[in-house]
Amino acid sequence: MSMILAIESSCDETSVAVIEDGRKIHSNIVASQVKSHMRFGGVVPEVASRHHVEQITQVTQMAVEQAGLDSISQVDAIAMTYGPGLVGALLIGVTAAKTLSMVYQKPLIAVNHIAGHIYANQLVSEMTYPLLALVISGSHTDLVYIKEEGHFEVIGETQDDAIGEAYDKVGRLLGLPYPAGKYLDELAQKGEETYAVPRAMLHEDNLDFSFSGMKSAVMNLFHNAKQRGESIDPANLATSFQQAVIDIVTAKVVKALGQYPDVKQFVLAGGVAANSGIRKNLVDTIQAEFPDVEVVIPPLNLCGDNAAMIGAAAEYLYQKQDFASLMTNAKPGLML
Ligand code: KG4
Ligand code: ZN
């Protein structure tokens, strides 16, 4: 049995969790900074770092208490996200983890944030390989084939904007608060598909994505209508955008499953995995077209950034005794 204390601070959530065997959540405290960034319409890196500094100690204490531990000395290892993310934000979690590792003489485990998103699914259901993961977040859009544990192969990725970035920009255009993905999703459920939004790279023979052109197309629709003095129906525009995104994401997952017939399980990951339309469409389509593939989708609280997923991903590194040194630094551009 292993008990891991995990820290996540790559963007705008300060989070600490205590996870047993990479599968059981004893605590998962998430302190969101969304309110501080909202008025700027995006994450301000300096503000994010300052919040992490202010909150990390208390969030750690809360996680330890909620897990029912008397002391951090009761855990077996300390894990942290060391990339990718904002360098100043990552540094706070990395420094906190290295300090705890040194003070309590516990091994240190360096976790890739994207692997963390994928491993959020281990907290839901046993991951079975070969596995296909779709990571959709504010900064990533990756199709990842994992032949066996720890062997990540990115088989498709965005050529420009991340899917969450496109959601946030289109949402901002419609006057929705930051981060707009969730609000745009809610609005999309109230409208109809009346606007023509292009499906970028839909018919191309690869597994890559492109969202920048779609985002621009929606912006042009909006501004052209405004110039002509016509009104835009925000719900219908949201639905039209969301449907285009769903079509692309679903088509690429279907294509990937066709190209990798040995895949036993499909997992969804990342903040945009909270999207109601994407969840429903992927589940329905995979169940209909690939009935032998098990589909796992994390609950909403494990889609966005959290430390539980970092503790889940840390487990296989702990088992391999793949420990990090105290010289480990934040790696903002870390790849899978
Ligand atoms: O994984 P995450 O919390 O942070 C990154 O690592 O990027 O993802 C945040 C992204 C934001 O762009 C946010 O707008 C988006 O996830 N998001 C959604 C939904 N909930 C959050 N996008 C679409 N539909 C949602 N329901
Ligand atoms: Zn993330």
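Up top you'll find the structure we're talking about.
Residues numbered from 1 in each chain as written. Chains lettered and ligands numbered in written order. Predicted model: local features only at pLDDT ≥ 70, side-chain atom pairs only at ≥ 80, totals over all residues. Heavy atoms only, no water.

Enquirer: Summarise helix H6 (residues 181-188); cite the residues concerned and give the values.
Expert: Restricting attention to buried positions, one finds in H6 the residues Gly 181, Leu 184, Asp 185, Leu 187 and Ala 188. The buried residues of H6 occupy an angular sector of 165° when the element is viewed end-on, so they sit on one face. Turning to H6, the residues buried within the fold contact helix H5 (163-173), helix H8 (234-259) and helix H9 (276-289). (Buried < 20%, exposed > 50% of the residue type's maximum accessible area, 1.4 Å probe, protein only. Helix = DSSP H or I, 4+ residues; strand = E, 2+ residues; numbered from the N terminus. Arc of directions from axis to C-beta. Contact = heavy atoms within 4.5 Å.)

Enquirer: Tell me about the coordination of the zinc ion (ligand 2), residues and numbers included.
Expert: Within the protein, His 113 (NE2), His 117 (NE2) and Asp 305 (OD) serve as the donor atoms for the zinc ion (ligand 2), at 2.1 Å. Motif for the zinc ion (ligand 2), donor spacing along one chain: H-x3-H-x187-D. Separated by four residues within a single helix, His 113 and His 117 lie in helix H4 (residues 113-119), roughly one turn from each other. Judged by relative accessible area, His 113 falls into the buried class, the value being 6%. (Donors = N, O, S within 2.8 Å, 3.2 Å for Na, K, Ca; no water.)

Enquirer: A description of the site of ligand 1 should follow, citing residues and the corresponding values.
Expert: The local shell around ligand 1 holds 19 residues, among which Gly 138, Asp 168, Asp 185, Gly 271 and Asn 275 are the closest. Between an oxygen atom of ligand 1 and a main-chain N or O atom of Gly 164, the distance comes to 3.3 Å. Considering ligand 1 on its own, with 560 Å² of exposed area, one finds that the protein chains cover 86% of that surface. Of all elements in the fold, only H4, H5 and H6 reach the threshold of two or more residues within the shell around ligand 1. Grouping the constituent residues of the shell around ligand 1 by class yields four nonpolar, 11 polar and four charged. Two domains each provide a minimum of three residues to the shell around ligand 1, namely domain 1 (3-118 + 302-320) and domain 2 (128-297). (Near = heavy atom within 4 Å. Polar contact = N/O pair within 3.5 Å; in protein donor to acceptor, adjacent residues only side chain to side chain. Areas by Shrake-Rupley, 256 points an atom, 1.4 Å probe, with all protein chains shown as cover. Nonpolar A, V, L, I, M, F, W, Y, C, P; charged D, E, K, R; others polar. Domains from an automatic or database assignment.)

Enquirer: Go over the environment of Ser 276, please, and point to the residues and values.
Expert: Within the secondary structure layout, Ser 276 lies in helix H9. Each C-alpha atom of the pair Ser 276 and Lys 182 lies 9.1 Å from the other, and the pair is 94 residues apart in sequence. For Ser 276, the residues in contact, after removing those within four places along its chain, are Asp 185, Gln 189 and Gln 242.

Enquirer: Before we move on, can you summarise the packing of aromatic side chains with the specific residues and values?
Expert: Scanning the entire structure with this criterion turns up five aromatic pairs. Aromatic pair Tyr 167 and Phe 241: ring centres 5.1 Å apart, planes at 75°, arrangement edge-to-face. Note that Tyr 167 is positioned in helix H5 and Phe 241 in helix H8, a separation of 74 residues in sequence. When the centroid spacing of 6.0 Å and the interplanar angle of 55° are considered together, the rings of Tyr 318 and Phe 323 count as tilted. Under the relative-accessibility criterion, Tyr 318 is labelled partly exposed at 21%. When its relative accessible area of 33% is taken as the criterion, Phe 323 is described as partly exposed. (Phe/Tyr/Trp six-rings, centres within 6.5 Å; stacked < 30°, edge-to-face > 60°.)

Enquirer: Help me get a handle on the sheet that holds strand S9 (residues 265-269), residues and values and all.
Expert: The five strands are arranged S8-S7-S6-S9-S10 in an open sheet whose pairing can be described as mixed. A strand with exactly one partner marks an edge of an open sheet, and here the two such strands are strand S8 (152-157) and strand S10 (294-296). Looking at each pair of strands side by side, their axes are set apart by 20° on average, direction ignored. Pairing analysis gives five bridges linking strand S6 (residues 131-136) to S9, with the strands arranged parallel. Across the sheet, the residue bridging to Leu 132 is Phe 266, located in S9. (Pairing = 2+ DSSP bridges. Axes fitted to C-alpha atoms, helices over the stretch in contact; angles between N-to-C directions.)

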